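Here is what each chain is made of, one letter per residue.
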Amino acid sequence: QQFMLKKCPALLQEMVNVICQLIIMARSREEREFRAPTLASLENCMKLSQMAVQGLQQFKSPLLQLPHIEEDNLRRVSNHKKYKIKTIQDLVSLKESDRHSLLHFLEDEKYEEVMAVLGSFPYVTMDIKSQ
């Protein structure tokens, strides 16, 4: 199982590459007998790749990627009256004191692990200009 899980991202990426190549090939040849994969197939492979890397099902909270955040204490975080935390970025954007009080159920060592993981996530912004 561990061997297969380690190979999954590369195998899924190759599936995406093959589907893209088949779609391009079908459009360039315009053969009626050759049925190209659908864009839905491509999208499903890409979603499956994301799920395999993150270790989450499609509609689960991204906060479950964090160590020591389980389904039972996820409710404490996402249903908090004062803070509306739905994403990892929401959690990162809190002040340190607010984040610590929100995650009060974690022991200090576990809290530090969560902070280390939060610090390792990249923060990416994009500006898109159509031309």
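No experiment lies behind these values; they were computed from the predicted model shown.

J.: Break down the overall build of the chain for me, with residues and values.
T.: The secondary structure content of the chain amounts to six helices and zero strands. Helices and strands appear in the chain in the N-to-C order α-α-α-α-α-α. Here the C-alpha atoms of the chain give a radius of gyration of 20 Å, more than 25% beyond the 14 Å that 2.2 N^0.38 yields for 131 residues. Projected onto its principal axes, the C-alpha coordinates of the chain cover approximately 60 × 45 × 25 Å. Per-residue burial for the chain yields a buried fraction of 25% across its 131 residues. Of the contacts formed within the chain by residues at least 6 apart in sequence, a portion of 42% connects residues at least 24 apart. For the chain, the accessible surface area stands at approximately 10300 Å², while carbon and sulfur atoms represent 54% of it. For the chain, the centre of its 18 positive side-chain charges and the centre of its 17 negative side-chain charges are spaced 6 Å apart.

J.: Describe the nonpolar core, naming the residues involved and giving the relevant values.
T.: Judged by nonpolar contacts, the single largest core of 20 residues is most densely connected at L63, I85, L91 and L103. Of all the secondary-structure elements, those providing two or more residues to this core are helix 3 (71-78), helix 4 (88-92) and helix 6 (108-120). The element best represented in this core is helix 6, accounting for four residues. In this structure, L91 is in contact with L63, L66, I85, R99, L102 and L118, ignoring residues within four places of it in sequence.

J.: So, a negative patch on the surface: which residues are in play, and what are the values?
T.: On the surface, a cluster of negative charge is contributed by E107, D108, E109, E112 and E113. With respect to the secondary-structure elements, E107 resides in the loop between helix 5 (96-102) and helix 6.

J.: Account for the confidence of the model for the chain, naming residues and giving values.
T.: Of all residues in the chain, 97% attain a pLDDT of 70 or more, and the chain-wide mean is 88. Looking over the chain, one finds the lowest element-wise mean pLDDT in helix 3, namely 86, and the highest in helix 6, namely 94.

J.: Residue-level account of the environment of T87, with values.
T.: Mapped onto the secondary structure, T87 falls in the loop between helix 3 and helix 4. Overall, T87 belongs to the partly exposed group, its relative accessible area being 32%. Residues T87 and L42 lie 45 residues apart in sequence; the distance between their C-alpha atoms is 26 Å. Once residues within four sequence positions are removed from consideration, T87 is found in contact with P62 and L63.

Rules used in this analysis
- Residues numbered from 1 in each chain as written.
- Predicted model: local features only at pLDDT ≥ 70, side-chain atom pairs only at ≥ 80, totals over all residues.
- Heavy atoms only, no water.
- Helix = DSSP H or I, 4+ residues; strand = E, 2+ residues; numbered from the N terminus.
- Rg over C-alpha atoms; globule rule 2.2 N^0.38 Å.
- Buried < 20%, exposed > 50% of the residue type's maximum accessible area, 1.4 Å probe, protein only.
- Contact = heavy atoms within 4.5 Å.
- Areas by Shrake-Rupley, 256 points an atom, 1.4 Å probe, with all protein chains shown as cover.
- Lys, Arg positive; Asp, Glu negative; His and termini not counted.
- Charge placed at Lys NZ, Arg CZ, Asp CG, Glu CD.
- Core = buried A, V, L, I, M, F, W, Y, C linked by side-chain atoms within 4.5 Å.
- Patch = residues over 30% accessible without salt bridge, like charges linked within 9 Å, V, L, I, M, F, W, Y side chains within 5 Å.
- Salt bridge = Lys/Arg side-chain N within 4 Å of Asp/Glu carboxyl O.
- pLDDT = per-residue confidence, 0-100.

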